[in-house]
Amino acid sequence: MEKIYENKEQFIEQYRQHVRALSGKEFEDTSDIDRFTALANMVAGDARVIAAKTDERNRTEGKKRVYYFSIEFLIGRLLDNYLLNLGIRDLVADAIADMGGDLDEIERQEPDPALGNGGLGRLAACFLDSMAHEGIAGYGNGMRYRYGLFKQEIVDGRQVEVADEWLSKGYPWEVKRPDKAVRIGFGGHVVSRQEGDRTFYSVEGTDDVLAVPYDIPIVGYGGETVNKLRCWSAEPIDDHFDLDAFNAGDYTGADRDRANAEAISAILYPNDAGEHGRLLRLKQEYLFVAAGIRTLLDTFEREHGKAWNELPRYVAIHTNDTHPAMCGPELMRILMDEEGLTWDDAWEIVTNTVSYTNHTILPEALEKWPISTFSTLLPRVYQIIDEINRRWRESFDMSKPESAERLRATAVLWDGEVRMANLSVICSHSVNGVAKIHSDILKASTLKDFAAMRPEMFNNKTNGISHRRFFAEANPTYAKLVTEAIGDGWLDDARELEKLTAFEGDPAFLERVGASKLANKQRLADYVKRECGLTIDPNTVFDVQVKRFHAYKRQLLNIMKVMDLYNRRLADPNFKIQPTTFIFSGKAASSYTFAKEVIRLINGVAEVINNDPRVNDVIKVCFIPNFRVSNAQLIYPAAEISEQISTAGKEASGTSNMKLMMNGALTLGTMDGANIEIVDLAGRENEAIFGLTTPEVDALRASGQYFAWDVVNSDRARLGRIIDQLLDGTFAGLSGNFESIHHELMFNNDYDLVLKDFHSYVDAWESLTATYPDAQDWNRRALHNTAMSGWFSSDRTIREYRDEIWHA
Ligand code: T68
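Residues numbered from 1 in each chain as written. Predicted model: local features only at pLDDT ≥ 70, side-chain atom pairs only at ≥ 80, totals over all residues. Heavy atoms only, no water.

(A) Structural context of the packing of helix α21 (residues 476-486) against helix α23 (residues 507-532). Axis separation between α21 and α23 bottoms out at 8 Å; the angle between their running directions is 160 degrees. Between α21 and α23, the crossing angle belongs to the class labelled roughly antiparallel. In this structure, the crossing between α21 and α23 has a hand that is right-handed. Of α23, the residues touching α21 (which contributes Pro 476, Thr 477, Tyr 478, Leu 481, Glu 484 and Ala 485) are Phe 509, Arg 512, Val 513, Ser 516, Asn 520 and Arg 523. Residues that form the contact of α21 with α23 fall into these classes: six nonpolar, three polar and three charged. (Axes fitted to C-alpha atoms, helices over the stretch in contact; angles between N-to-C directions. Helix = DSSP H or I, 4+ residues; strand = E, 2+ residues; numbered from the N terminus. Parallel < 35°, antiparallel > 145°, perpendicular 65-115°, else oblique. Left-handed = near helix turned anticlockwise from the far one by under 90°. Contact = heavy atoms within 4.5 Å. Nonpolar A, V, L, I, M, F, W, Y, C, P; charged D, E, K, R; others polar.)

(B) Representation of the site of the ligand in the model. Contacts to the ligand come from 19 residues, most closely from Leu 120, His 359, Asn 463, Glu 651 and Gly 654. In the model, an oxygen atom of the ligand is placed 2.8 Å from a nitrogen or oxygen of the Asn 463 side chain. Between the ligand and the protein, one listed contact pairs an oxygen atom with a side-chain N or O atom of Glu 651 at 2.6 Å. About the coverage of the ligand: the protein hides 90% of its 510 Å² of free accessible area. For the shell around the ligand, the element with the most residues is helix α6 (residues 119-133), which contributes three residues. Tallied by class, residues from the shell around the ligand come to five nonpolar, ten polar and four charged. In terms of domain composition, the shell around the ligand takes at least three residues from each of domain 2 (62-76 + 112-429) and domain 3 (467-798). (Near = heavy atom within 4 Å. Polar contact = N/O pair within 3.5 Å; in protein donor to acceptor, adjacent residues only side chain to side chain. Areas by Shrake-Rupley, 256 points an atom, 1.4 Å probe, with all protein chains shown as cover. Domains from an automatic or database assignment.)

(C) Spatial organisation of helix α12 (residues 327-338). Over its twelve residues, α12 runs 16 Å from end to end, which matches the ideal 16 Å to within 8%, given 1.5 Å per residue. Along α12, eleven of the twelve residues are buried, which leaves the element largely enclosed by surrounding structure. Residues of α12 that are buried include every one of Cys 327, Gly 328, Pro 329, Glu 330, Leu 331, Met 332, Arg 333, Ile 334, Leu 335, Met 336 and Asp 337, and no others. Looking one or two residues past α12, Gly 340 carries a phi angle of roughly 75 degrees, positive in sign. (Expected span 1.5 Å × (residues − 1). Buried < 20%, exposed > 50% of the residue type's maximum accessible area, 1.4 Å probe, protein only.)

(D) Main features of the sheet that holds strand β13 (residues 368-370). With antiparallel pairing, three strands are arranged side by side in an open sheet as β13-β15-β14. This sheet does not close on itself; its edge strands, each paired only once, are β13 and β14 (413-414). (Pairing = 2+ DSSP bridges.)

(E) Up close: helix α4 (residues 89-98). Among all positions in α4, only Val 92, Ala 95 and Ile 96 are buried. Within α4, the buried residues cover an arc of 95 degrees as seen down the axis, which keeps them to one side. Opposite its buried face, α4 presents the exposed residues Asp 90 and Asp 98, each directed more than 90 degrees away. On its buried side, α4 packs onto α1 (8-23), α2 (32-61), α3 (79-85) and α5 (103-107). Looking one or two residues beyond α4, the residue adopting positive phi is Gly 100, at roughly 90 degrees. (Arc of directions from axis to C-beta.)

(F) Layout of the environment of Gly 720. Note that Gly 720 resides in helix α31 (residues 716-725). On a C-alpha basis, the gap between Gly 720 and Trp 709 in space is 9.5 Å, while along the polypeptide they are eleven residues apart. If we ignore the near neighbours within four places in the chain, the residues touching Gly 720 are Val 712 and Asp 715.

(G) Local environment of the sheet that holds strand β22 (residues 666-669). Taken in spatial order, the six strands line up as β20-β19-β18-β21-β22-β23 in an open sheet, and their pairing is parallel. The open sheet terminates on both sides in strands that have one partner only, identified here as β20 (619-624) and β23 (688-689). Direction of pairing for strand β18 (residues 541-546) relative to strand β19 (residues 580-585): parallel, over a ladder of six bridges. Note on β19: the bridge partner recorded for Asp 543 is Phe 582.

(H) Just the packing of aromatic side chains, in detail. Evaluated as defined, the whole model comprises 31 aromatic pairs. The interplanar angle of 50 degrees and the centroid separation of 5.6 Å between the aromatic rings of Phe 241 and Phe 246 together place this pair among those described as tilted. The class for Phe 241 is partly exposed, based on a relative accessible area of 36%. Taken together, a centroid distance of 6.5 Å and an interplanar angle of 50 degrees make the contact between Phe 300 and Tyr 314 tilted. Of this pair, Phe 300 sits in helix α10 (residues 279-304) while Tyr 314 is found in helix α11 (residues 311-314), placing the two residues 14 residues apart along the sequence. Each member of the pair Phe 300 and Tyr 314 is classed as buried. (Phe/Tyr/Trp six-rings, centres within 6.5 Å; stacked < 30°, edge-to-face > 60°.)

(I) Region of the structure containing the UniProt feature "modified residue: N6-(pyridoxal phosphate)lysine" (unreviewed entry) in the protein chain. Taken from the UniProt record, the annotation "modified residue: N6-(pyridoxal phosphate)lysine" (unreviewed entry) applies to Lys 659. Summarising the element assignment, Lys 659 is placed in helix α27 (residues 656-662). Taking relative accessible area as the criterion, Lys 659 reaches 5% and is therefore assigned buried. Leave out the neighbours within four places in its chain, and Lys 659 touches Arg 122, Ile 465, Phe 470 and Tyr 636. (UniProt positions renumbered as here; feature names shortened; annotations may be inferred.)

(J) Just the pattern of salt bridges, in detail. Scanning the entire structure with this criterion turns up 55 salt bridges. For Asp 98, the salt bridge identified is with Lys 8, shortest N-O distance 2.8 Å. Remark: Lys 8 occurs in helix α1 and Asp 98 occurs in helix α4; sequence separation between them is 90 residues. Lys 8 sits in the partly exposed class, given a relative accessible area of 24%. Arg 802 is the partner of Glu 134 in a salt bridge, and the nearest nitrogen-oxygen pair spans 4.0 Å. Taken together, the positions of Glu 134 in the loop between α6 and β2 (137-143) and Arg 802 in helix α35 (residues 794-806) put the pair 668 residues apart, joining distant regions of the chain. (Salt bridge = Lys/Arg side-chain N within 4 Å of Asp/Glu carboxyl O.)

(K) Seen up close, the pairing of β22. In β22, alternate side chains face the same way, and those of Leu 666 and Leu 668 on one face and Thr 667 and Gly 669 on the other are all buried. Here strand β21 (residues 641-644) runs beside β22; their pairing, made up of four bridges, is parallel. Looking at β22, one finds that Gln 644 is bridged to Gly 669. Note that the unit made of β21, α27 and β22 has a crossover that is right-handed. Here β22 pairs with β23 via two bridges, running parallel. Bridge pairing in β23 links Gly 669 to Ile 689. (Right-handed = clockwise from strand over helix to strand, strands pointing away.)

Here it is as structure tokens:
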């Protein structure tokens, strides 16, 4: 790695200059936020120097460029990560200490941009890191929301959503590029003109806005490659500021155009639960797609001229879920309407360039738009979609008996709606799921008709995580221990972690593994004390479930287990419980009432148990508000049990399961998503698996023979009691009883099979925690999990995308 700074002294001199230039003050007189802004500015500048070299190299080598289109990039804080990736983290920490400052404190000033809901957005960010590490010319294309996903506060146990003004103190990583702005048209009507035997189409009377890009450098580990994340913001076309209105006192009216345009990039929709139909959302989807496609075509044209048929050779367009599904139609539009290609030529190019990842099989989460909304907002794009659909229908041989059903399942336009998943598949040459079981389910059910027709386009790419962020950076004590044992090659190649298996029989090493875990638990306990005022004991088991709140993820099952332990302990003071702190964190979509009620239940139970001296020496419940990348990095390293308890068949992959495994937590989980691959790698004996499997869930549902009441009636003592407690005031102190949860379980017949899996789950938890007192063996299993987790590095995932989908 080329050195950016010769030594500490050189760094200090330049840093002092930066601080002076930005704040007009000497370092000693500045606040931590000034210090952060100056340092981030300086590192961003260093990164841009490398970015220019990367660009040059890509051009001369004629590299294929990969454009990763995602409506979410949950990048987290960048400073520490970039110092690590540039190989100057220790030098900078030392230097700043010499100056009388504290790098940790400076790093804490960085805003944590919440430009994503959960796993999908964080995956996109891990992929950027890995593309840069692998030297791929990979570019993120997304949205710059003025407000991140809402900030979660807890009031009387309830989730309250507050605007997240992440940009209010400035964001030193981004550079606005007004020179690269793209004009985007909405509405209007399609007009045609004849040229010889061809008809050309265009749209007149559109309402236009300007998509303005902001670029963020993406620094790859090793400092060789710096790529770019380009996020689009909406602005009015010219200044349509109405001076007359302003002078007449109508201040809002004077700036109406600006307000209307900026609304498009104001917020990230918190609808991971599949609430659809918002016009602004459709505008967002088109804005970042159209602006991204225009930009990549401009770049291509600069390098290769108008040799459009070469596009698939030099460009890959990857669509992360269906939100960028318009990539195909928009590319068709430009190639035909602006470049004059025929439909067939354009279609050949599009389908060889675009690929698609599916992230969910939940039918309610599959994106659909009313045709009327769509065709009014985007008439020409809609016309192209209509033609795609027409040609697709035409390709069916309707004399075959299976055709009618296949057509119904695969059509893009159906029942007055545009089905974005089907559009994505038809425009792509590759469709992948995000874990083995998920890809199998796609082929066997969700997209089975496509799979029957075009089996070759379906493949699996099991998700991965940035082991540098979520292990090296998040868990410095453990990372140091690992590096002492096996060297630091694992930062570059995570599979080297496997060398740790050689230490599984080394009691002294295992003891140090335990000591590092204890330090991380203390660090989290300090955070919890600061943030929630709650005291938790690092000598108890830290049992962790952190993720979005969703019925299928079954946080409800987890808290019902806690209620059960509580009840049994009160009934019998000799009932033995391994002292445990149950840690929950995560947001619920603002409109998802059930998920929000589960959050309220957890806090209601916490309030009772944490204040009851009969149990609070063995059970504590802790809900950490406002889960985000920065506090996730404190939580994963402190975890000992990783709760991955979704109803089998429902969690596409999960990625917190991988982060927790890598940090040495044992998985308590169902055979779902990537848990199955965790078990394959680390061995079932090193995890705790329970519950129905996917085929068992399917068979039970199909039988029609599942009755929630029967399950509860067969165990009045434990389950019956818990069900009663939802209504009888036991946990109602903060803000009332939990009727809707009771209703879901008992009157909606427990759709997610919480009651069905309850006993097998509680038994598995009890057996697992019973093994905790043998610290050496526990630490051995923890170390084994870490050792086998390297395969889950997103470097591996990205190499598979590169070799098998992008051919870059
Ligand atoms: C998650 N999906 C999957 N969606 O649930 C998870 N959806 O199993 C998987 O590991 C992860 O994707 C990565 O593949 C999501 O996170 C969303 O956040 C989302 C957001 C908007 C609309 C729909």
